[in-house]
Amino acid sequence: MVSLLHHSITHPTPPLFTHPHHLHHRPPPLFKLLHHHHRPTGSIITCIEKNGSFTSNTNKNTQRTLFPGGYKRPEIKIPNVVLQLNPEQVLDGGNMVLDVVDQAVSGVVGVVVLNCGDGNGRVLYDAACLLKSVVRDRAYLLVSERVDVATAVNASGVVVSDQGLPAIVARNTIMDSKSDSVFLPLIGRKVQTSDDAMNGSSFEGADFLIYENKNEQITEEPLISAINQIKIPIFVSVDSINEDKLFNEMSYALQSGASGLVVSLEGLKLLGNDGLNKIYSMHASDKKTEAFGSGLEFDQSNGFPTGKGFAGFVNLVDRERELIQTERSLLLETIDVIQRASPLMEEISLLNDAVSHLSEPFLLVIVGEFNSGKSTFINALLGRKYLKDGVIPTTNEITFLRYSELDSNEQQRCERHPDGQYICYISAPILEHMIIVDTPGTNVILQRQQRLTEEFVPRADLLLFVISADRPLTESEVAFLRYTQQWKKKVVFVLNKSDIYQTPTELEEAIGFIKENTQKLLQNEVILFPVSARSALKRKLNVSNVGETHDELAGNTDSFWETTSFYDLEKYLYSFLDRSTSTGTERMKLKLETPIAIAEQLLSASQNLVEQDFQRAKKDLVSIKELISSVKDYKSKMETESISWKKRSMSLVEKTQAQIVDVIVSTLRLSNLDIVVSYVFRGNKSPMPAVASVRNDVLGPALLESQRLLKEYVAWLQSNNAREVKLYEETFEKKWASIVDPSNRFMSSETRKLVEKENEFSIKVVEDFSAAAASKLFDQEIREVFLGTFGGIGTASLLASLLTSVLPTTLEDLLALGLCSAGGYIAIANFPARRQKVVDKVKRTADNLARKLEEAMQKDLLETTESLENYVQFVGKPYQEVAQSRLDELVMIKDELTKMEKRIKALQIDVQNLHVSS
């Protein structure tokens with residue numbers, strides 16, 4: 001399972017819309033990484049990203065989970081099957097082997113171990129990569145010995161041997177390499193003797209053991225004894241080439257208490273999934289039969305083999321029963337709301353467990369640093385030495401001590417359960433209405449054990465915090481105590497080994513120091529009992545054969561027994577069993593408040609998650625809208641940049657116009673008598689030389705230049721559009737790829753063609769302009785000027801014209817004409833005006849062409865940018881709709897969580913108002 005609370009309080013939060021990550025291995029990257037594409041300077045999208053319009057999730061300096069260590073433990077289901085493979089089998093076996101593995105991890109195989117083979121690192125790495133691709137998140141993949149290879153392929157952990165790294169070193173090495181992982185690495189240990197198995201389970205911090213010894217048979221007593229004493233899961237290697245023998249060995253191993261089996265590829269093929277399933281079905285059936293055969297009848301109301309009543313209480317009044325039922329119903333609703341609000345929140349299992357435990361006896365959890373005397377203290381409470389004690393960590397799992405009637409020759413009966421739990425059934429009276437839980441030390445260097453304790457704290461109804469008198473209230477104890485208050489736990493302190501103090505004054509000083517400092521953390525009255533668990537146990541063991549009762553034992557005048565307050569502590573705990581006392585009522589309150597406190601914490605975490613999602617959804621929606629509206633900025637930018645193109649085009653028109661005017665002026669001169677004689681008096685119908693010059697030397701080159709310029713302009717428009725289309729698509733894909741179905745993500749190819757269509761209105765304007773037609777018109781205009789001037793002039797005018805052909809200036813031309821003919825003078829006098837009309841007509845034609853050209857260029861611009869705007873709006877619409885829908889959904893979820901929070905607080909008030917009943 002994967003903790004989601006580490007996202008809510010700590011980790012960089014994933015994008016609003018992502019697919020759930022895998023459940024056992026390191027989560028995949030939060031964002032799909034894309035290669036950086038070059039974006040031209042000035043891109044609107046680039047500017048938006050630089051300005052931080054898009055969400056960023058880069059905060060890594062935060063806590064990972066609600067648990068102080070910041071890591072979760074990987075859980076191993078029991079019973080289970082471990083499949084061992086060699087690299088050569090994986091690489092040489094082809095698809096057949098991979099298919100076998102695929103079927104196995106889809107069935108009963110929960111752990112796949114890749115052995116080192118011949119030691120070739122590259123071969124091992126290649127095989128590990130291949131296995132990883134097949135196993136995925138359906139089972140744990142571990143690599144034998146090679147921590148480097150396990151880290152490189154992101155395996156779940158390693159299996160070490162006697163000759164390899166110690167388990168704690170292997171775990172820390174992988175953790176250093178996988179700094180972003182929420183889970184502790186899974187570490188297995190291979191052992192070959194029963195003694196190695198005992199040592200490996202006790203001191204080295206392995207998560208499970210693999211027992212493989214060809215020389216020691218499964219049926220041998222030392223092995224069976226070791227299996228039953230080891231608290232962590234132990235998997236026994238069985239391998240035979242005979243199917244029947246293999247089946248029998250496996251069945252016997254499971255019946256003997258093994259947590260599961262280790263099989264080779266050959267053994268797996270020999271039995272197949274059906275054979276393994278059959279073995280496990282038989283094993284489960286045998287266990288159930290054994291439980292009922294031993295007289296353990298489970299009360300259906302509370303799931304606990306005592307049948308003593310609901311939640312460990314008797315004589316409940318109707319109001320209390322109604323309150324318990326109300327709480328159960330409300331908590332189930334809370335679970336449903338949290339799961340819908342935060343579907344990946346793994347810690348919801350805490351609340352599920354707490355609700356199910358409402359029907360179980362009171363859970364008294366013993367916590368404290370290792371060597372504080374927890375195990376000895378529990379033995380003293382029970383009056384017998386059930387648990388081991390010592391100067392090194394002796395408790396490696398969560399150990400439940402539960403009541404059960406046992407045979408006269410049985411001291412206790414223990415069972416190994418998954419998730420680091422070990423249950424022992426004992427016929428001690430205090431356990432009839434109370435479960436005592438022993439936990440690993442809170443300051444052990446074995447991180448797995450520390451996580452076990454941290455993760456179990458929320459389930460506790462009452463914490464008994466054992467402090468060693470030789471080091472009262474260490475820094476790590478204060479840190480752990482602060483963590484317990486995160487779950488609002490009631491804590492009772494036990495100052496163990498208090499007999500080391502020489503005088504009562506020293507004892508009072510130690511008690512005062514502890515109370516003063518813990519008061520600041522608890523904000524409540526501190527309850528503390530100074531005891532000597534070892535002395536109390538010794539005293540109980542000494543008198544156990546005499547047959548004294550508890551009350552008689554309390555009446556013993558042993559001064560140390562009274563001064564250590566062990567009897568007072570027992571009296572306090574036994575008062576929890578009496579429903580008619582205030583302490584008994586508090587016991588019920590604590591029992592009912594345990595799931596409420598968990599619900600409050602998870603609701604708060606879920607609210608934080610949803611609020612973060614809401615803010616991200618809000619920011620995503622704003623970013624999507626900004627991205628869509630940024631097309632307007634792009635249009636403005638293109639409008640500005642198009643001005644230079646228009647100026648160049650207008651300049652070309654003006655230049656052409658000036659050249660034509662020059663031709664007109666140089667042609668329409670009175671001194672051009674040859675033109676007058678040829679085209680006016682002789683009636684020459686062929687084009688004038690000036691016309692050819694205008695067509696070939698002016699208009700022709702100008703039109704070619706204009707077409708080239710406008711094609712570049714259209715290409716510039718289209719290239720900018722194409723670039724922006726790509727950038728918008730990439731941005732939507734990169735930022736919000738997971739929120740829209742790929743089939744609806746972008747437009748059809750036909751619609752896409754519209755945005756890629758080239759608009760050539762400006763080019764068409766130039767193409768529609770005919771140089772030949774313009775030249776012909778120019779010829780007509782020149783002829784009309786000459787005909788209008790000289791057509792009505794007689795011989796005198798002709799003589800004057802001949803005179804002007806040899807005179808140097810226009811003034812002399814006019815003078816000669818005036819002298820020769822009064823009528824000719826009048827005609828000639830109008831010649832400049834006629835010429836100017838031609839010039840004006842050319843300018844009007846040029847201006848009209850310039851206007852049309854500018855309008856066409858503007859239309860090209862608008863059509864191109866508007867097609868992009870429409871395309872971006874269409875592409876962005878599904879993103880915007882989903883983001884808006886998600887935002888609306890989160891508003892509803894926030895409202896649901898707030899309402900549920902109020903209902904939980906009201907329930908808490910009802911629980912606190914419980915009173916002592918007679």
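Position of Thr 439 among the secondary structure elements: in the loop between strand 13 (434-438) and helix 15 (447-456). Among the polar contacts made by the side chain of Thr 439, one reaches the main-chain carbonyl oxygen of Ile 366 at a distance of 2.7 Å.

Turning our eyes to something else, we now look at the sheet that holds strand 8 (residues 260-264). Strand pairing within a sheet occurs via backbone hydrogen bonds; the two strands may be parallel or antiparallel. Taken in spatial order, the 8 strands line up as 1-2-3-4-5-6-7-8 and close into a barrel, and their pairing is parallel. Taking each pair of neighbouring strands and ignoring which way they run, the sheet shows an average axis angle of 25 degrees. As paired strands, strand 7 (residues 234-237) and strand 8 are joined by 3 bridges and run parallel to one another. Note that in strand 8 the partner of Phe 235 across the bridge is Gly 260.

All right, on to the sheet that holds strand 9 (residues 362-368) then. One open sheet accounts for 8 strands, arranged 11-12-10-13-9-14-15-16; its pairing is mixed. Bordering the open sheet on either side are strand 11 (413-417) and strand 16 (527-530), each of which pairs with just one other strand. In this sheet, adjacent strand axes meet at a mean angle of 20 degrees when their direction is disregarded. Strand direction decides the pairing type here: strand 9 and strand 13, joined by 5 bridges, are parallel. Bridge pairing links Ile 366 to Asp 438 in strand 13.

On to the nonpolar core. In terms of nonpolar packing, the biggest core is built from 124 residues, with Leu 351, Phe 493, Leu 495, Phe 732 and Phe 778 touching the most fellow members. For this core, the leading source of residues is helix 22 (residues 582-667), giving 26 residues. With 55 residues, the next largest nonpolar core counts Leu 124, Leu 131, Val 143 and Val 158 among its residues.

With respect to the helices and strands, the residue Leu 849 is situated in helix 31 (residues 831-912). Distance from Leu 849 to Phe 769, taken between C-alpha atoms, is 8.5 Å for residues 80 residues apart in sequence. With sequence-adjacent residues up to four places away left out, Leu 849 is seen in contact with Val 765 and Phe 769.

Here the structure, examined in full by the defined rule, presents 29 salt bridges. Taking the shortest distance from any N to any O, the salt bridge between Lys 894 and Glu 611 comes out at 2.8 Å. Taken together, the residues span a long stretch of sequence, with Lys 894 in helix 31 and Glu 611 in helix 22 at a distance of 283 residues. Residue classification places Lys 894 among the partly exposed positions, given a relative accessible area of 27%. Sharing partners across several salt bridges, the network here consists of Asp 613, Arg 616, Arg 886 and Glu 889.

Here we take up the state of the cysteines. Applying the stated criterion to the full structure yields 1 disulfide. With a sulfur-sulfur separation of 2.2 Å, Cys 414 is cross-linked through a disulfide to Cys 424. Between Cys 414 and Cys 424, the S-S torsion sits near 105 degrees, and that sign places the bridge as right-handed. One end of the pair, Cys 414, is in strand 11; the other, Cys 424, is in strand 12 (residues 421-426), with 10 residues separating them in the sequence.

It is worth spelling out the packing of helix 26 (residues 761-768) against helix 31 at this point. As a packed pair, helix 26 and helix 31 sit with axes 7 Å apart at the nearest point and diverge in direction by 155 degrees. In this view, helix 26 runs roughly antiparallel relative to helix 31, as classed from their interaxial angle. For the pair formed by helix 26 and helix 31, the contact residues are Phe 761, Ser 762, Val 765 and Val 766 on the first element and Leu 849, Lys 852, Leu 853, Ala 856, Met 857, Lys 859, Asp 860 and Glu 863 on the second. Classifying every residue of the contact of helix 26 with helix 31 gives 7 nonpolar, 1 polar and 4 charged.

What follows covers the pairing of strand 4 (residues 157-160). Burial along strand 4 is two-sided: the face carrying Gly 157 and Val 159 and the face carrying Val 158 and Val 160 are both buried. Pairing analysis gives 3 bridges linking strand 3 (residues 140-144) to strand 4, with the strands arranged parallel. The partner of Leu 142 across the bridge, within strand 4, is Gly 157. Note that the unit made of strand 3, helix 6 (residues 147-152) and strand 4 has a crossover that is right-handed. Where strand 4 lies against strand 5 (residues 186-191), 4 bridges are found, and the strand directions are parallel. Within strand 5, the residue paired with Val 159 across the bridge is Gly 188.

The next point concerns helix 5 (residues 121-135). Helix length check: helix 5, at 15 residues, gives a terminal C-alpha distance of 20 Å against a target of 21 Å (1.5 Å per residue), a fit within 8%. Buried residues of helix 5: Leu 124, Ala 127, Ala 128, Leu 131, Lys 132, Val 134 and Val 135, and no others. Along helix 5, the residues classed as buried sweep out an arc of 160 degrees about the axis, all on the same side. Packing partners of the buried residues in helix 5 comprise strand 1 (80-85), helix 3 (87-92), helix 4 (94-106), strand 2 (109-114), strand 3 and helix 6. In the stretch just after helix 5, Arg 136 is the one whose phi turns positive, near 55 degrees.

Overall, the coordinates contain 11 aromatic pairs when judged by the stated rule. Plain terms: the ring middles of Trp 645 and Tyr 713 are 5.8 Å apart, the flat faces sit at 55 degrees to each other, and that makes the pair tilted. Taken together, the residues Trp 645 in helix 22 and Tyr 713 in helix 24 (residues 689-736) connect sequence positions 68 residues apart. Given a relative accessible area of 12%, Trp 645 falls into the buried group. Chaining the aromatic ring pairs together yields one cluster made of Phe 465, Phe 480, Tyr 483 and Phe 493. Lying over the aromatic face of Trp 645, Arg 648 brings its terminal NZ or CZ to 5.0 Å of the ring centre. Note that Lys 894 overlies the ring of Phe 614, its terminal NZ or CZ placed 4.1 Å from the centroid.

With their axes 10 Å apart at the nearest point, helix 16 (residues 475-486) and helix 17 (residues 504-522) run at an angle of 35 degrees to one another. Here helix 16 runs over helix 17; the crossing is right-handed. When helix 16 is examined against helix 17, the residues Val 478, Leu 481, Arg 482 and Gln 485 are found in contact with a partner set consisting of Thr 518, Leu 521 and Leu 522. Of the residues belonging to the contact of helix 16 with helix 17, the class tally is 4 nonpolar, 2 polar and 1 charged.

To continue, consider the pairing of strand 8. Counting buried positions over the 5 residues of strand 8 gives 5, a clear majority of the element. Both strand 1 and strand 8 contribute to a ladder of 5 bridges, which runs parallel. Counted as the bridge partner of Val 82 is Val 262 from strand 8.

Count 3.6 residues to each turn of an α-helix, and residues three or four apart come out pointing the same way. With 19 residues, helix 17 extends 26 Å between its outermost C-alpha atoms, agreeing within 8% with the 27 Å of an ideal straight helix rising 1.5 Å per residue. Each element contacted by the buried residues of helix 17 is listed here: strand 14 (462-468), helix 16, strand 15 (491-496) and strand 16. A positive backbone phi angle near 60 degrees is found at Gln 523, which sits one or two residues after helix 17.

Once that is clear, we can look at the confidence of the model for the protein chain. Here the protein chain averages 75 in pLDDT, while 69% of its residues score no lower than 70. Confidence drops under pLDDT 50 across residues 1-64; counting only partners more than four residues distant or on other chains, this segment forms 166 contacts. pLDDT under 50 marks residues 390-394. Its contacts with residues more than four places away, or in other chains, come to 11 contacts.

The rules behind each value
- The numbering scheme is per chain: residues are counted from 1 as the chain's sequence reads.
- Note on the predicted model: pLDDT of at least 70 is required for a residue's local features to be given, and 80 or more for side-chain atom pairs to be given and counted; whole-chain, interface and lining totals, by contrast, use all residues.
- Hydrogens and water molecules were not included; the side-chain quantities draw on all heavy atoms of the structure.
- Numbering of helices and strands starts at the N terminus; helices are DSSP runs of H or I of at least 4 residues and strands are runs of E of at least 2.
- We define a polar contact as two N or O atoms separated by no more than 3.5 Å, with the added condition that, inside protein, one atom must be a possible hydrogen donor and the other a possible acceptor, whereas residues neighbouring each other in sequence contribute only through side-chain atom pairs.
- In short, DSSP must find at least two bridges between two strands for them to pair.
- To obtain an axis, a line is fitted to C-alpha atoms, over the contacting stretch when the element is a helix, and the angle between two such axes runs from 0 to 180 degrees between their N-to-C directions.
- In plain words, nonpolar cores are sets of buried Ala, Val, Leu, Ile, Met, Phe, Trp, Tyr and Cys residues tied together by side-chain atoms within 4.5 Å.
- Remark: exposure states derive from per-residue accessible area (1.4 Å probe, protein chains only) relative to the maximum for the residue type, with buried under 20%, exposed over 50%, and partly exposed in between.
- Contacts are residue-level and defined by heavy atoms, with any inter-residue pair within 4.5 Å sufficient.
- Here a salt bridge means any side-chain nitrogen of Lys or Arg lying within 4 Å of a carboxyl oxygen belonging to Asp or Glu.
- By disulfide we mean two sulfur atoms from cysteines, separated by a distance within 2.5 Å.
- Any angle that is under 35 degrees is reported as roughly parallel, and any over 145 degrees as roughly antiparallel; angles of 65 to 115 degrees are reported as roughly perpendicular and all others as oblique.
- Side-chain classes are defined by residue name, with Ala, Val, Leu, Ile, Met, Phe, Trp, Tyr, Cys and Pro counting as nonpolar, Asp, Glu, Lys and Arg as charged, and the others, Gly among them, as polar.
- Handedness of a crossover is defined as follows: orient the strands so they point away from the viewer, and if the path from the first strand over the helix to the second runs clockwise, the crossover is right-handed.
- Each residue after the first adds 1.5 Å to the expected span of a helix.
- What the arc covers is the set of directions going from the helix axis to the C-beta atoms.
- Pairing of aromatic rings covers Phe, Tyr and Trp, the last through its six-membered ring, and needs centres within 6.5 Å; plane angles under 30 degrees mean stacked, over 60 mean edge-to-face, and all others mean tilted.
- In this scheme, the term charge over a ring applies when either NZ of a lysine or CZ of an arginine sits within 6 Å of the ring centre and within 35 degrees of the ring normal.
- A crossing counts as left-handed when the near helix is turned anticlockwise from the far one by less than a right angle, and as right-handed when that turn is clockwise.
- pLDDT expresses, on a scale from 0 to 100, how confident the predictor is about each individual residue.

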